[in-house]
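# Architecture and fold: a report
So the chains spell out like this:
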Amino acid sequence: MEIDFGLSKIYFEQYFTEEFSNEEVLTSNEKLLVKEVSEKRIRDFSTGRQCARKVLGKFGDFNSEILIGSKKEPLWPKGFVGSISHSKSFVGAVVSKSSQLVSIGLDIEKTGRVKKNMWRNLFTPIEQEFLNTLSEEDELFYTTLFFSMKESFYKLQYPITKQYLWFTDVELKQNNGVFNLAVIKEFNGKALLPEFTDINYARHNDNVISVCFIE
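Presented here is an overview of the structure given in this document. (Residues numbered from 1 in each chain as written. Predicted model: local features only at pLDDT ≥ 70, side-chain atom pairs only at ≥ 80, totals over all residues. Heavy atoms only, no water.)

Helix and strand content of the chain: five helices and 10 strands. The globule rule puts the C-alpha radius of gyration for 215 residues at 17 Å, and the 17 Å found for the chain is close to it. Taken along its principal axes, the extent of the C-alpha atoms in the chain is 50 × 35 × 35 Å. A separation threshold of at least 6 residues defines the contact pool for the chain, and within that pool the share at least 24 residues apart is 57%. Surface exposure of the chain reaches about 11,400 Å², of which carbon and sulfur atoms provide 47%. Of the side-chain charges in the chain, 27 are positive and 30 negative, and the distance between the mean point of each set is 5 Å. (Helix = DSSP H or I, 4+ residues; strand = E, 2+ residues; numbered from the N terminus. Rg over C-alpha atoms; globule rule 2.2 N^0.38 Å. Contact = heavy atoms within 4.5 Å. Areas by Shrake-Rupley, 256 points an atom, 1.4 Å probe, with all protein chains shown as cover. Lys, Arg positive; Asp, Glu negative; His and termini not counted. Charge placed at Lys NZ, Arg CZ, Asp CG, Glu CD.)

In this section: the layout of surface pockets. Here the largest pocket defines a volume of roughly 980 Å³. In terms of lining, the largest pocket is formed by 33 residues, of which the most central are Lys72, Glu73, Pro74, Ile84 and Lys155. Contributions of two or more residues to the lining of the largest pocket are made by helix H2 (39-57), strand E3 (74-75), strand E4 (80-86), strand E6 (103-110) and helix H5 (136-161). Per-element tally for the lining of the largest pocket: the top contributor is E4, with seven residues. Along the lines of polarity and charge, the residues of the lining of the largest pocket split into 18 nonpolar, six polar and nine charged. Empty space within the second largest pocket amounts to approximately 320 Å³. Leu7, Asp198, Ile199, Asn200 and Phe213 are the residues nearest the centre of the second largest pocket, which is lined by 18 residues in total. Elements represented by at least two residues in the lining of the second largest pocket include exactly strand E8 (178-183), strand E9 (197-204) and strand E10 (207-214). (1 Å grid on protein atoms, 1.4 Å probe; cavity = no way out; pocket = protein on both sides within 12 Å on 5 of 7 lines; lining within 4 Å. Points joined across faces, edges and corners; volume = space filled by probe spheres on them. Nonpolar A, V, L, I, M, F, W, Y, C, P; charged D, E, K, R; others polar.)

Glancing now at the sheet that holds strand E5 (residues 91-97). Strand order in the open sheet made by the three strands is E1-E5-E4, with antiparallel pairing throughout. At either end of the open sheet lies a strand with only one pairing partner, and these are strand E1 (13-17) and E4. Taken over all neighbouring pairs, the strand axes of this sheet differ in orientation by 10° on average, direction set aside. For E1 and E5, the ladder comprises five bridges, and the chain directions are antiparallel. Across the sheet, residue Tyr15 finds its bridge partner in E5, namely Ala93. (Pairing = 2+ DSSP bridges. Axes fitted to C-alpha atoms, helices over the stretch in contact; angles between N-to-C directions.)

Here we take up the sheet that holds E6. Pairing is antiparallel across the open sheet formed by five strands, whose spatial order is E6-E10-E9-E8-E7. The strands lining the two open edges of the sheet, one partner per strand, are E6 and strand E7 (170-175). Put simply, the sheet's adjacent strands are angled 30° from each other on average, direction ignored. As defined by bridge partners, E9 adjoins E10 across five bridges and the pair is classed as antiparallel. Within the sheet, the bridge partner assigned to Arg203 lies in E10 and is Val208.

It is worth spelling out the pairing of E6 at this point. Judged by how many residues are buried, E6 sits mostly within the fold: seven of eight residues are covered. The pairing of E6 with E10 spans eight bridges and is classified as antiparallel. Pairing of Glu109 across the sheet is with Val208, part of E10. (Buried < 20%, exposed > 50% of the residue type's maximum accessible area, 1.4 Å probe, protein only.)

Moving on to the pattern of salt bridges. A side chain with one charge can pair with a side chain of the opposite charge if their charged atoms come near. This model, assessed by the stated rule, comprises eight salt bridges. The closest approach of N and O atoms between Glu139 and Lys116, which form a salt bridge, is 3.9 Å. On the criterion of sequence distance, the pair formed by Glu139 in helix H5 and Lys116 in the loop between E6 and helix H3 (119-122) is long-range, its members being 23 residues apart. (Salt bridge = Lys/Arg side-chain N within 4 Å of Asp/Glu carboxyl O.)

Dropping the structure here:
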């Protein structure tokens with residue numbers, strides 16, 4: 001399954017599914033990474049790797065393993081950048097050649113998981129001011145969307161800066177229906193990132209899917 005993010009051209013390949021897999025789809029080395037984890041974690045990890053391999057197959061790479069780095073990040077085959085995400089009901093992966101994109105981030109969230117008592121830890125005062133103007137229905141959607149966008153940006157920026165960022169270290173703004181994100185915290189490596197990063201999103205059933213990338 002593919003998701004329409006409303007982009008003007010194809011920047012990356014993608015694959016999404018609602019059908020979860022088990023460890024039979026993993027390589028022997030990938031199985032070692034989930035040797036002592038829960039069944040749910042095995043299921044999520046296996047399905048994510050299967051989605052990623054299906055996307056890599058679109059580039060002619062059908063056999064690469066996707067292991068993990070020291071911070072649990074996916075290690076992509078040489079010449080590729082990508083991102084994997086899942087919710088309880090939906091899993092997906094996006095991949096591009098590193099000659100086209102510097103980095104890419106993907107996040108999937110089930111609508112409604114962000115509660116109001118979490119806002120001060122997740123959203124800046126400006127973001128909270130916007131959220132407080134919304135109806136109850138819109139609030140459920142936009143709190144999930146903002147959370148998802150920040151998660152996708154973190155996956156985008158970490159391979160570049162190797163820095164941890166908290167949710168309130170970045171801020172989202174909307175301009176003519178387009179969301180972009182600015183890093184408002186000063187840190188070593190900030191200059192490696194764009195001043196503003198556009199973040200695209202889509203909805204699938206009760207899931208919000210966010211994606212961002214740097215050309």
